[in-house]
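Now for the letters of each chain:
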Amino acid sequence: MVSRFCATPHGSIVMGIGDPNELKGFHFHSSWEFLDEMSRHVVRFLPPLKDVRVVRQWAGLYDITPDSQPILGPTPKVYGFLTAWASVVMVSCSDPL
């Protein structure tokens, strides 16, 4: 299971996890079960977060290659064009939220 979490400039903490066993398809619903699982997972890494209040939860779709690896290298049809694509990081600490 992959964890992502970071603090934002306005003081919130954005967290997420990815499950390699998740069924393939278009699943974009949130649930109390997911929130409970994610909370237990994140608290193992950051025990002080055990008493933090959850303000909101959201879910969405994201693209990923079948082998979960980035796509890097030259593009055969466009000379000089390089591809550097990886979507495993859904939220960057430098992105405005």
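Rules used throughout
- Residues numbered from 1 in each chain as written.
- Predicted model: local features only at pLDDT ≥ 70, side-chain atom pairs only at ≥ 80, totals over all residues.
- Heavy atoms only, no water.
- Helix = DSSP H or I, 4+ residues; strand = E, 2+ residues; numbered from the N terminus.
- Buried < 20%, exposed > 50% of the residue type's maximum accessible area, 1.4 Å probe, protein only.
- Contact = heavy atoms within 4.5 Å.
- Areas by Shrake-Rupley, 256 points an atom, 1.4 Å probe, with all protein chains shown as cover.
- Patch = residues over 30% accessible without salt bridge, like charges linked within 9 Å, V, L, I, M, F, W, Y side chains within 5 Å.
- Salt bridge = Lys/Arg side-chain N within 4 Å of Asp/Glu carboxyl O.
- Expected span 1.5 Å × (residues − 1).
- Arc of directions from axis to C-beta.
- Core = buried A, V, L, I, M, F, W, Y, C linked by side-chain atoms within 4.5 Å.
- Polar contact = N/O pair within 3.5 Å; in protein donor to acceptor, adjacent residues only side chain to side chain.
- pLDDT = per-residue confidence, 0-100.

What follows concerns the overall build of the protein. Along the protein, the regular secondary structure elements total 1 helix and 4 strands. Within the protein, the proportion of its 97 residues that are buried is 15%. Counting only contacts in the protein whose residues sit at least 6 apart along the sequence, the fraction spanning at least 24 positions is 42%. With an accessible surface of roughly 8300 Å², the protein has 61% of that area assigned to carbon and sulfur atoms.

What follows covers a nonpolar patch on the surface. Together, Phe5, Ile13, Phe45 and Leu46 give the surface a local cluster of nonpolar side chains, amounting to about 340 Å² of exposed area. With respect to the helices and strands, Phe45 occurs in helix α1 (residues 32-45).

Moving on: α1. Taking 1.5 Å of rise per residue, 14 residues should cover 20 Å, and α1 covers 20 Å from first to last C-alpha, within 8% of that figure. Those residues of α1 that sit buried are Leu35, Met38, His41 and Val42. Down the axis of α1, the sector holding all buried residues measures 135 degrees, keeping them to one side. α1 presents Trp32, Glu33, Arg40 and Arg44 as exposed residues on the side facing more than 90 degrees away from its buried surface.

With that out of the way, let us pick up the nonpolar core. Looking at soluble globular proteins, one finds that nonpolar side chains tend to be buried together. Ranked by size, the top nonpolar core spans 5 residues in total: Ile17, Leu35, Met38, Val42 and Leu49. Examining the composition of this core, we find that 3 residues originate from one element, α1, more than from any other.

This next bit is on the environment of Thr83. Take Thr83: it is sitting in strand β4 (residues 82-85). On the basis of relative accessibility, which here comes to 25%, the residue Thr83 falls in the partly exposed class. For the pair formed by Thr83 and Pro70, sequence separation is 13 residues and the distance between their alpha carbons is 9.5 Å. Ignoring sequence-local partners within four residues, the contact set of Thr83 consists of Ile71, Leu72, Gly73 and Thr75. At a separation of 3.0 Å, a polar atom in the side chain of Thr83 contacts the side chain of Thr75.

As a note on interpretation, predicted positions should not be read in detail where pLDDT is low. Predicted confidence across the protein gives a mean pLDDT of 75, with 80% of residues reaching 70 or more. Every residue in residues 88-97 is under pLDDT 50, and counting partners more than four places away or in other chains gives 16 contacts.

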